[in-house]
Amino acid sequence: MSEPSTGAGGAGEAGLVGDPYAWLPASIVSSVAQTPGARSLTFAVPGLRPARAGQHVDLRLTADDGYTAVRSYSLSDVRASAVPAVPAVPAVPAVPAVPAVPAVPAVPAVPAVPAVPAVPAVPAVPAASDGVGGAEGAGGAGPVPQIEVTVERLDDGEVSPYLVDAAEPGDPIEVRGPIGGWFVWPPTEFEPDSAVHAVLPEPPGATPLRDVPVQLIAGGSGLAPLMAMVRVRGRDAPPMRLLASVRDPGARWYVGELDEAVRASSARAVGVSGAEVSGAEVSGVGVPAAAVSAAEVPAVGVSAVGVSAVGVSAAGGRTGGLTVDWVYSRVAPDGHGRPAGRLTRDELESLVLPAAEHPLVYVCGANSFVEAVAGWLIELGHAPTRVRTERFGGV
Ligand SMILES: Cc1cc2nc3c(=O)[nH]c(=O)nc-3n(C[C@H](O)[C@H](O)[C@H](O)COP(=O)(O)OP(=O)(O)OC[C@H]3O[C@@H](n4cnc5c(N)ncnc54)[C@H](O)[C@@H]3O)c2cc1C
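Source: prediction; values computed, not measured.

The rules behind the values
- Residues numbered from 1 in each chain as written.
- Predicted model: local features only at pLDDT ≥ 70, side-chain atom pairs only at ≥ 80, totals over all residues.
- Heavy atoms only, no water.
- Near = heavy atom within 4 Å.
- Polar contact = N/O pair within 3.5 Å; in protein donor to acceptor, adjacent residues only side chain to side chain.
- Areas by Shrake-Rupley, 256 points an atom, 1.4 Å probe, with all protein chains shown as cover.
- 1 Å grid on protein atoms, 1.4 Å probe; cavity = no way out; pocket = protein on both sides within 12 Å on 5 of 7 lines; lining within 4 Å.
- Sits in = over half its atoms within 2 Å of the grid points.
- Helix = DSSP H or I, 4+ residues; strand = E, 2+ residues; numbered from the N terminus.
- Domains from an automatic or database assignment.
- Salt bridge = Lys/Arg side-chain N within 4 Å of Asp/Glu carboxyl O.
- Buried < 20%, exposed > 50% of the residue type's maximum accessible area, 1.4 Å probe, protein only.
- Phe/Tyr/Trp six-rings, centres within 6.5 Å; stacked < 30°, edge-to-face > 60°.
- Lys NZ or Arg CZ within 6 Å of the ring centre and 35° of its normal.

Visitor: Describe the site of the ligand, with residues and values.
Guide: Arg71, Ser72, Tyr73, Glu152 and Ser160 are the nearest of the 21 residues found near the ligand. Interatomic distance of 3.0 Å between a backbone N/O atom of Ser74 and a nitrogen atom of the ligand. Between the ligand and Phe392 there is a distance of 3.0 Å, counted from a nitrogen atom to a backbone nitrogen or oxygen. The fraction of the free accessible surface of the ligand (910 Å²) that becomes covered by protein chains is 72%. Because more than half of its atoms lie within 2 Å of the grid, the ligand is assigned to the largest pocket. Every element with two or more residues in the shell around the ligand is listed here: β4 (68–77), β7 (146–152), α1 (160–166) and β13 (387–391). The element best represented in the shell around the ligand is β4, accounting for 4 residues. Counting contributing residues, the shell around the ligand receives three or more from each of domain 1 (11–83 + 137–179) and domain 2 (200–392).

Laid out in structure tokens, this is it:
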């Protein structure tokens with residue numbers, strides 16, 4: 001999937017319309033299995049406001065007998081949620097009245113009626129897979145915003161088994177949102193007219209939030225909103241590092257796309273620095289990033305212990321650098337340097353951007369994962385205002 005070209009993007013601002021808390025009829029347009037237990041679903045939602053990476057929506061399903069179930073799902077892709085405004089069709093100039101025919105004897109010729117100018121065609125909307133616009137609405141009603149969610153099946157759950165195993169393109173569903181203003185990247189300013197509403201003041205002289213490096217930390221399905229952030233990141237975005245904890249290698253989502261994003265960001269950084277590198281590595285094991293000083297970290301490189309340093313150093317500037325680290329809680333792949341097991345505080349310290357770089361940190365997952373990680377981050381010196389969390393429930 002192509003990357004957008006700007007750093008502070010996300011979905012554009014095609015104009016905010018509608019009540020953010022109204023239920024909007026939507027339909028599934030496509031789905032992709034991420035793993036046997038998880039699926040990404042793309043919805044077309046006429047009238048949806050442009051969404052930001054990190055926001056979520058509520059989905060409402062209604063059974064034939066009227067029973068409804070509502071669940072929240074983070075947006076894993078917001079790029080097609082902003083559609084270009086359809087230009088207003090210019091009014092057709094009035095045709096001059098034909099002069100009244102005077103009485104006999106002489107009947108003057110009726111002047112020719114000027115041709116009515118052609119109504120300009122509404123510009124074509126790029127395909128949603130280009131990441132820049134929604135699908136064309138039925139009946140030529142203009143482009144329709146699209147959003148993606150990624151759902152993990154909970155076997156004893158009510159809604160997630162339907163979304164993962166049974167939902168099909170064309171199925172109706174209702175969507176409310178997008179919701180949330182704190183857990184968004186790029187960080188926003190206060191927007192009184194929108195559902196985006198929270199930003200805490202930063203100290204005077206602090207590096208603007210949009211320019212600081214970004215650390216993403218996911219537990220299981222908590223990767224969904226963080227993937228939206230990876231996807232909106234542009235070529236001139238600040239360095240971004242992702243740490244994802246999953247049960248086993250088969251539980252990883254978006255693997256090919258993340259591999260490709262890391263490769264692309266490395267190639268760009270090579271172009272910037274002139275350095276040579278044989279290929280970026282998506283690391284499976286941590287290297288004590290904190291133990292490597294910013295001065296020692298090359299803009300691009302694979303360290304002796306096998307972790308891509310791209311995007312680790314604040315000194316690396318805005319190159320859209322991306323590093324991805326996977327850790328495994330139950331089964332690690334062969335050759336992985338770290339045995340399977342729950343993330344510990346010491347490992348976390350070695351796998352995330354150090355507090356000294358003042359990164360913006362986004363943590364998402366089940367309650368217990370988020371509680372533990374956020375607590376450790378604060379103990380490690382990260383400012384509470386720079387640690388943003390989203391909890392999916394569960395234990
Ligand atoms: C803001 C927000 C964003 C979310 N985004 C996503 C997302 O992107 N992808 C996704 O798959 N889920 C996400 N969730 C969780 C989702 O809303 C549902 O809770 C989940 O799909 C389970 O719904 P269910 O109807 O299948 O299970 P339910 O019938 O509601 O519950 C079944 C059982 O599972 C437990 N349970 C509920 N939620 C979880 C959980 N997250 N982890 C472990 N156990 C749980 C319940 O306690 C219960 O015992 C999000 C939740 C919130 C609040």
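Back to the write-up after that little detour.
Visitor: So what about the pattern of salt bridges? Which residues, and what values?
Guide: What the rule picks out here adds up to 15 salt bridges. A salt bridge links Arg176 to Asp58; the nearest nitrogen and oxygen atoms lie 2.8 Å apart. Of this pair, Arg176 sits in strand β8 (residues 172–179) while Asp58 is found in strand β3 (residues 56–62), placing the two residues 118 residues apart along the sequence. On the basis of relative accessibility, which here comes to 8%, the residue Asp58 falls in the buried class. With a shortest N-O distance of 2.9 Å, Glu174 and Arg60 are connected by a salt bridge. Here Glu174, found in strand β8, pairs with Arg60, found in strand β3; they are 114 residues apart in sequence, far enough to count as distant.

Visitor: I'd love a proper account of the packing of aromatic side chains, names of residues and values included.
Guide: Within this structure, the stated rule accounts for 2 aromatic pairs. Taken together, a centroid distance of 5.4 Å and an interplanar angle of 80° make the contact between Phe183 and Tyr362 edge-to-face. Placement of the pair is Phe183 in the loop between β8 and β9 (214–219) and Tyr362 in strand β12 (residues 360–365), with a sequence separation of 179 residues. Side by side, Phe183 and Tyr362 carry an identical accessibility label, which is buried. Each ring, one from Trp253 and one from Tyr254, has its centre 5.8 Å from the other, and the planes form 85°; the classification is edge-to-face. One exposure class covers both Trp253 and Tyr254, and it is buried. The ring of Trp326 has Arg252 lying over it, and the distance from NZ or CZ to the ring centre is 5.5 Å.

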